[in-house]
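Geometric and topological summary
Take a look at the letters that make up each chain.
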Amino acid sequence: MNFGFDNSFYRSMEGFYSPAEAAIPSAPKLLIFNHILATQLGLEAASADDETLARLFSGEVLPEGADPLALAYAGHQFGHFSPQLGDGRALLLGEIVAPDGARFDIQLKGSGPTAFSRNGDGRAAIGPVLREFLVSEAMAAMGVPTTRALAAVATGDRVQRERAHPGAVLTRVASSHIRVGTFQFFAAHYGADHVTQLATYSIRRHFPDLVDTENPPLALLDRVIALQCELIAHWLGVGFVHGVMNTDNVAISGETIDYGPCAFMDRFAGHTVFSSIDANGRYSYGRQPHIMHWNMARFAEALLPAVHAVNPASVDTAKAMVEAIPKRFSGEWLKRMRQKLGFAEAAEGDEVLIDGLFDELEKHQIDFTLFFRGLAMILRGDGMMLENLSPDPEAMAPWIFDWWERVARETDAPLDRADAMDAINPLYIPRNHKVEAALASAEAGDLAPWTELLDVVRNPYVERAEWQDYAVPAPADAGPYTTFCGT
Ligand code: AMP
Ligand code: MG
């Protein structure tokens, strides 16, 4: 298989990474290969057999043209600065350029220790690998910017966590792996010249339209903030809780990255947390916009030496940009919520209506995902679905009355509004109880439930009778759902 690597980071960013090698797996076996994605990337994998793919995507065989390396980065973890993190369990093989000209990193995750592994083993267990594969494919299908999953390979080795698990390697595709924490690392250890070099590389690679701006690092800050506002509004719109929004897990490309203890909400509750290590709810559903703001303040701090080097007066502008984030985010959020509620136009009072919705959803413990599909059904003259979402069929009636009055003022016909809503409000998400059952089967050697679930979440919008079971929340007595870190 010919990747046609073109490794710009390796070539031009010496000192920003450490060359590394993959560990040799004892018995690599292909779990899944994403042929659709491979084709989009222009990788000619169709003729490769499973054995060849397993060797390549476990790290056993180094593809031609690869320059394997581990990236250096730092990061604020749960609010505390760790000056030295870096790819401790990941290996960047190189970059490819897709037929449409877009550049992507091809990275192995779980392929053994690197210079940045500290006390870790550099390995990944099959459960978290398949969770990342599934959830990132679901996010992509829902139009949320995200890294992608190209392959998952079982290594044949055991990985010791709280107990031993089968090991696996995930191949991740990202428009780059440059993180807020990458900037923090070079700001903390080296200073303005390195930060400027990283900013220049990032701008050329991701945002070439900013090259000729007056103060490119300042323009970079502005763009990354814009993308983060959009991204978090998107997350909230699909009920996604990332779980570890540390600054090392924030990609400057605006893609969702590092799927660890992430999960989707069933019944709406603003304080929802799934991660076992997030005891204080720092990264709960409803705090994600606030944490994004906090993370962008850290990004601004790291960029400041480069901003200052171009023009000291721009430092105040950077400060103002960070202060304006809540307002900017609200704009994105309102835009997304209007779409979800079937409003093509903006009207006064929308904000009050939307705030009221979240109070009602929480009070009546309504399933977040199904609620929006139920609303669209009302436009089709069928209120049953919504009534069935709560033990009290009248629970949401007053709010729905207000919404009905509002949506009636739209120009488009109700049936068109309903179709527009269904085209962006997913019916099928990775439901926690389904994910858990699929991962348990996979760990025991049966991939079939996981493969079926993958098929479902890759097609989130159009209802299929045979998938009815995938569109219902966990039983009410299922108890709280907990996720664990550690790929
Ligand atoms: P994450 O939880 O993915 O945000 O990772 C935080 C940091 O811990 C990163 O620098 C990872 O590379 C590192 N890390 C996590 N798990 C391992 C592991 N099993 N072996 C080595 N490093 C790890
Ligand atoms: Mg990480």
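Residues numbered from 1 in each chain as written. Chains lettered and ligands numbered in written order. Predicted model: local features only at pLDDT ≥ 70, side-chain atom pairs only at ≥ 80, totals over all residues. Heavy atoms only, no water.

1. Description of the overall build of the protein
We apply this condition: A helix here means a DSSP run of H or I that spans at least four residues, while a strand means a run of E at least two residues long, and both kinds are numbered starting from the N terminus. Only C-alpha atoms enter the radius of gyration, while the globule expectation follows 2.2 Å times N to the 0.38, with N the number of residues. Partly exposed describes any residue whose relative accessible area lies between the buried limit of under 20% and the exposed limit of over 50%, with all areas from a 1.4 Å probe on protein chains only and scaled to the type maximum. What makes two residues a contact is simply this: any of their non-hydrogen atoms within 4.5 Å. Method for areas: the Shrake-Rupley scheme with a 1.4 Å probe, in which residue coverage is limited to the protein chains shown.
Scanning the protein from N- to C-terminus turns up 17 helices and 11 strands. The C-alpha atoms of the protein give a radius of gyration of 23 Å, which matches the 23 Å a tight globule of 487 residues would have. A buried classification covers 57% of the 487 residues belonging to the protein. Expressed as a percentage of contacts within the protein between residues at least 6 apart in sequence, the contacts between residues at least 24 apart total 74%. For the protein, the accessible area works out to roughly 20000 Å², and carbon and sulfur atoms hold 52% of it.

2. Brief notes about the packing of aromatic side chains
Filter applied, for reference: Paired rings are identified among Phe, Tyr and Trp, the last through its six-membered ring, by centres lying within 6.5 Å, and are further divided according to the angle between planes into stacked (under 30 degrees), edge-to-face (over 60) and tilted (the rest). Lysine and arginine charges are scored as sitting over a ring when NZ or CZ, respectively, is within 6 Å of the ring centre and within 35 degrees of the ring normal.
Counting across every chain of the model gives 28 aromatic pairs. Taking 5.0 Å as the distance between ring centres and 45° as the angle between the ring planes, the aromatic pair formed by Phe-78 and Tyr-283 counts as tilted. Here Phe-78, found in the loop between β4 (75-77) and β5 (80-82), pairs with Tyr-283, found in the loop between β11 (263-264) and α8 (288-310); they are 205 residues apart in sequence, far enough to count as distant. Cluster of aromatic residues (ring-pair linked, three or more members): Phe-268, Tyr-285, Trp-333, Phe-358, Phe-368, Phe-371, Phe-372 and Trp-399. One residue, Arg-282, lies across the ring of Trp-294, its end atom 4.8 Å from the ring centre. The positively charged end of Arg-406 is found above the aromatic ring belonging to Phe-343, 3.9 Å away from the centroid.

3. Some thoughts on unusual backbone geometry
Located in the positive-phi region is Arg-118, a residue other than glycine, with phi close to 50°. Relative to the helices and strands, Arg-118 resides in the loop between β7 (103-109) and α4 (126-141). Phi is positive for Asp-258, close to 65°, though the residue is something other than glycine. Mapped onto the elements of the fold, Asp-258 is located in the loop between β10 (240-241) and β11. Given the relative accessible area of 13%, Asp-258 is considered buried.

4. With respect to the domain arrangement of the protein
Here is the rule we go by: Note that the domain bounds were set by an automatic or database domain assignment. Put simply, buried area is the surface a 1.4 Å probe can reach on two separate parts but cannot reach once they are joined, added for both. In the sections that follow, a salt bridge refers to a side-chain nitrogen of Lys or Arg positioned within 4 Å of a carboxyl oxygen of Asp or Glu. Whenever a nitrogen or oxygen atom comes within 3.5 Å of another N or O atom, the pair is scored as a polar contact, on the condition that within protein one atom can donate a hydrogen and the other can accept it, and that pairs from neighbouring residues in sequence are kept only if both atoms are in side chains.
Along its sequence, the protein is organised into domain 1 (8-174), domain 2 (180-332) and domain 3 (342-487). Between the C-alpha centres of domain 1 and domain 3 there is a distance of 32 Å. Overall, the association of domain 1 and domain 3 removes approximately 1900 Å² of surface from exposure, summing both partners, and the carbon and sulfur fraction of that is 67%. Area buried by domain 1 at its contact with domain 3 is led by Arg-131, Leu-134 and Met-142, which between them contribute 32% of it. Summed over the shared surface of domain 1 and domain 3, the number is three salt bridges. The partner of Arg-163 in a salt bridge is Glu-443, and the shortest N-O contact between them spans 3.6 Å. Linking domain 1 with domain 3 are six residue pairs in polar contact (both at pLDDT 80 or more). Taken together, the elements giving at least two residues each to the side of domain 1 that touches domain 3 come down to β2 (29-33), α4 and β9 (164-174). Counting residues per element, the side of domain 1 that touches domain 3 draws most heavily on α4, which supplies 11 residues.

5. Some remarks on the site of ligand 1
For clarity, the threshold we go by: The cutoff for a nearby residue is simple: one of its non-hydrogen atoms must lie within 4 Å of the molecule or strand.
Taken together, 17 residues are adjacent to ligand 1, and Gly-86, Gly-88, Arg-89, Asp-121 and Gly-122 come closest. A distance of 3.4 Å is found between an oxygen atom of ligand 1 and a side-chain nitrogen or oxygen belonging to Asp-248. Calculation on ligand 1 without its partners gives an accessible area of 480 Å², and the protein chains cover 84% of this total. The two domains that each donate at least three residues to the shell around ligand 1 are domain 1 (8-174) and domain 2 (180-332).

6. A closer look at the nonpolar core
Here is the rule: Nonpolar core, defined: a set of buried Ala, Val, Leu, Ile, Met, Phe, Trp, Tyr and Cys residues in which side-chain atoms within 4.5 Å join the residues together.
Core analysis: the largest hydrophobic core is formed by 159 residues, its most contacted members being Phe-183, Phe-299, Leu-341, Phe-371, Trp-403 and Trp-450. When near neighbours in sequence (up to four residues on either side) are disregarded, Phe-371 contacts Leu-357, Leu-361, Ile-366, Leu-386, Leu-389, Met-396 and Trp-399.

7. Comments concerning the environment of Asp-350
Summarising the element assignment, Asp-350 is placed in helix α11 (residues 350-364). Relative accessible area serves as the criterion here: at 1%, Asp-350 is assigned to the buried category. Ignoring any residue separated from it by four or fewer positions in sequence, one finds Asp-350 in contact with Arg-338, Phe-343, Glu-345 and Arg-406.

8. A few points about the side chain of Glu-255
To keep it simple, the criterion reads: For the purpose of charge, His is not counted, nor are the chain termini; Lys and Arg are scored as positive and Asp and Glu as negative.
With respect to the helices and strands, the residue Glu-255 is situated in the loop between β10 and β11. Arg-172 provides the closest opposite charge to the buried, unpaired Glu-255, separated from it by 8.3 Å. Once you skip the residues sitting within four places of it in the chain, Glu-255 turns out to touch Pro-145, Thr-146, Thr-147, Ala-174, Ser-175 and Leu-231.

9. Regarding helix α7 (residues 216-238)
Operational definition: Helix span, as expected, comes to 1.5 Å for every residue beyond the first.
Between its first and last C-alpha atoms α7 spans 33 Å; for 23 residues at 1.5 Å apiece the expected length is 33 Å, and the two agree. Following α7 by one or two positions, Gly-239 adopts a phi angle in the positive range, close to 75°.

10. What about the pattern of salt bridges?
Within the structure shown, the criterion is met by 32 salt bridges. Of the charged contacts in the structure, one is a salt bridge between Glu-132 and Arg-172, with a shortest N-O distance of 3.6 Å. Highlighted residues: Glu-132 in helix α4 and Arg-172 in strand β9, separated in sequence by 40 residues. Residues Glu-410 and Arg-406 are paired through a salt bridge, measuring 2.9 Å at the closest nitrogen-oxygen approach. With respect to class, Glu-410 is no different from Arg-406; both count as buried. Within the structure, one salt-bridge network assembled from shared partners comprises Asp-6, Arg-11, Glu-95, Arg-103, Asp-105 and Arg-205.

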